[in-house]
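Report on the structure
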Amino acid sequence: MNPFRHLFATYFRRFRVELVLWWGITFTCDLLTLRNSPIDLLAGAARIEVIAALWVVLRISLADEVFGTLGGKEVRPLARGEATKSRIALVALALVPPLLARGFVVSFWAPSNAAGIGHWLSHEALPVVQRLVFLAAFLQIAAMVSRRSGSRKVVRALVWGGSLLLLVKLAGAWVGAPGAALQYRVMNGEREVQLSATEITAPVFRALPGSPTVIAARSNSSYLEVEASPAVRLVRKVILEEGQTERSGDGLEWRIRGITWKLSDLELRFSVRGSPGQIRGIQEALRRSCLLVRYGGGPFASAVDGTLVLSSADLALAPLDEVVVTVRFLSPLILPANRRSRSEVMDGAELWVFGQLDVLEAPDIATPVRWNRTRIDRNDRQDRRPGSFEAFLSNQDGTFLITPDIPTEEEAGLEVQVDACMSLLRLSWQGEKQDAPFIRDLLTKGRRLVPQVLRWPAWSWGQWDAIVRPVLLKHAGDEDLPELEKRLAVEPRLTEVFIAKGWTKQALPALRGRLQRGQSLPPEAIELLAREQDPDLAGDLGRIATRLGGDVERIGPLLREYPGFDWEGFVAEMWKRRKYGSGSAGMVAAWAAELGDRSGLEILVRALASRDGRSPEPVVALIPEAAADPLGFLRANLENLEYDSSTRTWRTKP
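These notes cover the structure that comes with them. (Residues numbered from 1 in each chain as written. Predicted model: local features only at pLDDT ≥ 70, side-chain atom pairs only at ≥ 80, totals over all residues. Heavy atoms only, no water.)

**A few points about the pairing of strand β10 (residues 300-313)**
- Most of β10 is tucked away: 11 of the 14 residues are buried.
- With 2 bridges connecting them, strand β3 (residues 214-215) and β10 associate as parallel partners. Bridge pairing links Val 214 to Phe 300 in β10.
- Bridge count between strand β9 (residues 291-294) and β10: 3 bridges; the pairing is antiparallel. For Arg 294, the partnering residue across the bridge sits in β10 and is Phe 300.
- Between β9 and β10, which pair antiparallel in sequence order, lie 5 residues; one of them, Gly 297, sits at a positive phi of approximately 100°.
- Judged from the 10 bridges that link them, β10 and strand β11 (residues 320-329) form a sheet pairing that is antiparallel. Its bridge partner being in β11, Ser 312 is matched across the sheet by Asp 321.
- Hairpin connection, β10 to β11: the antiparallel pair is bridged by 6 residues, and Leu 317 has positive phi, about 70°. (Buried < 20%, exposed > 50% of the residue type's maximum accessible area, 1.4 Å probe, protein only. Helix = DSSP H or I, 4+ residues; strand = E, 2+ residues; numbered from the N terminus. Pairing = 2+ DSSP bridges.)

The following block contains the structure:
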């Protein structure tokens, strides 16, 4: 029989149990990877696979020199190199089938582009090959030293001890320490990162389709800022259905793990799994917190806070990283006028993930404000007050007066002058600062300012109060009506302009649409809709009117006569808000007392008794018996009053 085949068969019979166990372990790892098993289970299996692979290679390579498989060279004389060749062939048999299976796993997860293949070759394949070559060379040298040594037992002990140390060192390096090139990986543990709230910058706002409605905290909305912000790109959109799994073209797997509600906030738990090179990029995008949810019906909501946890399974040749993100989002349920249930809000909802680019994107319109610095004497500083949009600055170089440098129309053109003023007013300046000289100069431009202010996609309160409102009230004309009608749907403050210009009929469709969608409206818009007396709007008006402040006393009489309006329910809700919340009781207390609420009557009586000039007419209207001497009558009979539902007045008990 051929010596090579004889030795190969002998070695195979000797190690068949270990080979079967090894193949079972490595093929199980492949199946776990393809079946999207939990990353912790996969990480544990990968560590067992590394130990098993090194043990099989060690056992076969030192089969005779350390383990005495053939009983020693003296028992069975062999041709030089026959045992070595047969052992190399058996190692190849042990490793080639798992390598082919692992190649299929790599093709399933690795990106198909040249960059992805290059990253896999340099960071995954090459280190494995280097370790295997180093291990094979070390074991062959150990075998040669053992054969040529006179003291076989001592050399066996040394080779066995050195091989065991190498096994432990390689196993620890393979599964215990992060790779130098993969800074975001944690091989034997987890890393948790706190996520901050999503910042709605101008690039993010422009990346959203149409004229989006974004639910976000005011402190996290900077889309009116004039400073440049990082550009963004849409990384992924994922349908929000628990258990939903999607694979992108670059091999990343997105999975929605859990959707829960925390009062009116949505808590979302999702994961992204892929090769380390891909996860490193997506992790950076997630850490920058450009996360939005698009709810059914169109509104977007920003992330409030969250955590990001990175776990790794360092499977040989096919390592996987997984990012698990738990993040809380605002939702339309926080809107006072929301009428949809949770299921309706989540119908068709999507997660939108934006990644920030290393490129700054300047706003299309906003112009950075330039400032002049003039040195002044410290004594003058004590007697001088800064003017509008001016400030004093003191440092080690002295005291300076800081003033805005606004270009004039003659210097740079009207468009640049308007943009500079609007940029300075992006914050809500109050009081005398609205009467700054450069604003007075701008307002003298007259009718030419109308198209300039309409160029701006949105207006802050400072811009509205100082420039936009006075310009439109004075100079807007019929030629501007089509553009103003479009803007009214997203800018209800324009209602004042429509009323002043007599365009109430043109304003009604946009205002009615905002009312039916549960969006906010100013008091003048609610009053305009209340005068229409449309029964179909009664329920919507009742919901939005409860948010009125002092204007409710002006609009209340219109709502009382509104066809189909639930006046009693409206008064009960308003009185509850005023009694337990904030705001003056005023006429709401009188309405509540008129409907039989004793606490409303008592508040009216206390206000009358305070002698602060209050008219006794509301009390007399409710208590006709007190007409002659309201205070004297109430002192004697307040505790003896009862409500008469037929006349909606109060009277003394018989």
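Still more ground to cover, so stick around.
**A few points about the pattern of salt bridges**
- For the coordinates displayed, the defined rule picks out 26 salt bridges.
- In this structure, Glu 491 engages Arg 493 in a salt bridge whose closest nitrogen and oxygen atoms are separated by 2.8 Å. Here the two residues Glu 491 and Arg 493 agree in accessibility, since each one is buried.
- Here Glu 573 makes a salt bridge to Lys 576, at a shortest N to O gap of 3.5 Å. On the criterion of helical spacing, the pair formed by Glu 573 and Lys 576 is a turn pair, its members being 3 residues apart in helix α21 (residues 567-580). (Salt bridge = Lys/Arg side-chain N within 4 Å of Asp/Glu carboxyl O.)

**A look at helix α1 (residues 3-34)**
- The sharpest bend along α1 reaches about 65° and sits at Phe 15.
- In the stretch just after α1, Asn 36 is the one whose phi turns positive, near 55°. (Bend = angle between axes of the 7 residues up to and from the residue.)

**Some details on unusual backbone geometry**
- Positive phi, close to 60°, is recorded for Leu 263, a residue that is not glycine.
- In this structure, Leu 263 sits in the loop between β7 (253-262) and β8 (265-274).
- Note on Leu 263: relative accessible area 76%, which makes it exposed.
- Positioned with a positive phi, Gln 533 is a non-glycine residue whose angle comes to about 55°.
- Within the element layout of this structure, Gln 533 appears in the loop between α18 (523-530) and α19 (538-545).

**What about the pairing of strand β17 (residues 649-652)?**
- The pairing of strand β16 (residues 641-644) with β17 spans 4 bridges and is classified as antiparallel. What sits directly across from Leu 641, in β17, is Thr 652.
- The hairpin formed by β16 and β17 contains 4 residues between the paired strands, and Arg 648 there has a positive phi angle of roughly 55°.

**A short note on the packing of helix α20 (residues 552-560) against α21**
- Running from N to C, α20 and α21 cross one another at 160°; their axes reach a closest spacing of 11 Å. If you check the angle between α20 and α21, you find them roughly antiparallel. When the axes of α20 and α21 are compared, the crossing they make is left-handed. Packed against α20, whose contacting residues are Val 552, Gly 556, Leu 559 and Arg 560, the element α21 presents Trp 567, Phe 570, Met 574 and Arg 578 at the interface.
- Looking at the contact of α20 with α21 residue by residue, the class counts come to 5 nonpolar, 1 polar and 2 charged. (Axes fitted to C-alpha atoms, helices over the stretch in contact; angles between N-to-C directions. Parallel < 35°, antiparallel > 145°, perpendicular 65-115°, else oblique. Left-handed = near helix turned anticlockwise from the far one by under 90°. Contact = heavy atoms within 4.5 Å. Nonpolar A, V, L, I, M, F, W, Y, C, P; charged D, E, K, R; others polar.)

**Quick notes on the side chain of Ser 331**
- Among the structural elements, Ser 331 can be located in the loop between β11 and α8 (342-346).
- Within the local environment of Ser 331, its side chain forms a polar contact with the backbone oxygen of Ser 264, the two atoms lying 2.5 Å apart. (Polar contact = N/O pair within 3.5 Å; in protein donor to acceptor, adjacent residues only side chain to side chain.)

**A look at the nonpolar core**
- Residues Ile 467, Leu 472, Phe 570 and Ile 623 are the most contacted members of the largest nonpolar core, which totals 81 residues.
- Residues contacting Phe 570, with those up to four places away along its chain left out, are Gly 542, Ala 545, Thr 546, Val 552, Leu 559, Phe 565 and Trp 591.
- The next biggest cluster of nonpolar side chains, apart from the first, holds 34 residues, and it includes Ile 215, Ile 279, Ala 303 and Val 327. (Core = buried A, V, L, I, M, F, W, Y, C linked by side-chain atoms within 4.5 Å.)

**Digging into the packing of aromatic side chains**
- Taken as a whole, this structure holds 10 aromatic pairs when the rule is applied.
- Centre to centre, the rings of Trp 567 and Phe 570 are 5.7 Å apart; their planes meet at 40°, and the pair counts as tilted. Of this pair, Trp 567 and Phe 570 both sit in helix α21, 3 residues apart, which is roughly one turn of the helix. Of the two residues examined, Trp 567 and Phe 570, each falls in the buried class.
- A cation over a ring is seen here: Arg 373 above Phe 400, with NZ or CZ 4.3 Å from the ring centre. (Phe/Tyr/Trp six-rings, centres within 6.5 Å; stacked < 30°, edge-to-face > 60°. Lys NZ or Arg CZ within 6 Å of the ring centre and 35° of its normal.)

**Observations regarding the sheet that holds strand β15 (residues 398-405)**
- Spatial ordering of the open sheet is given by β13-β15-β14, a layout of 3 strands whose pairing is antiparallel. Every other strand in the sheet has two partners, leaving β13 (370-376) and β14 (391-395) as the edge strands with one partner each. The mean angle between the axes of side-by-side strands here comes to 35°, regardless of whether they run parallel or antiparallel.
- Pairing analysis gives 7 bridges linking β13 to β15, with the strands arranged antiparallel. When the sheet's bridge partners are listed, Ile 376 is paired in β15 with Thr 399.

**Description of helix α17 (residues 504-516)**
- The first and last C-alpha atoms of α17 sit 18 Å apart over 13 residues, in line with the 18 Å expected at 1.5 Å per residue.
- By the largest-angle criterion, Ala 510 marks the main kink of α17, which is about 25°.
- For α17, the set of buried residues is Ala 507, Leu 508, Ala 510, Leu 511, Gly 513, Arg 514 and Leu 515.
- Buried residues along α17 sit in contact with α15 (481-488), α16 (495-501), α18 and α19.
- Looking one or two places after α17, you find Gly 518, whose phi comes out positive at around 80°. (Expected span 1.5 Å × (residues − 1).)

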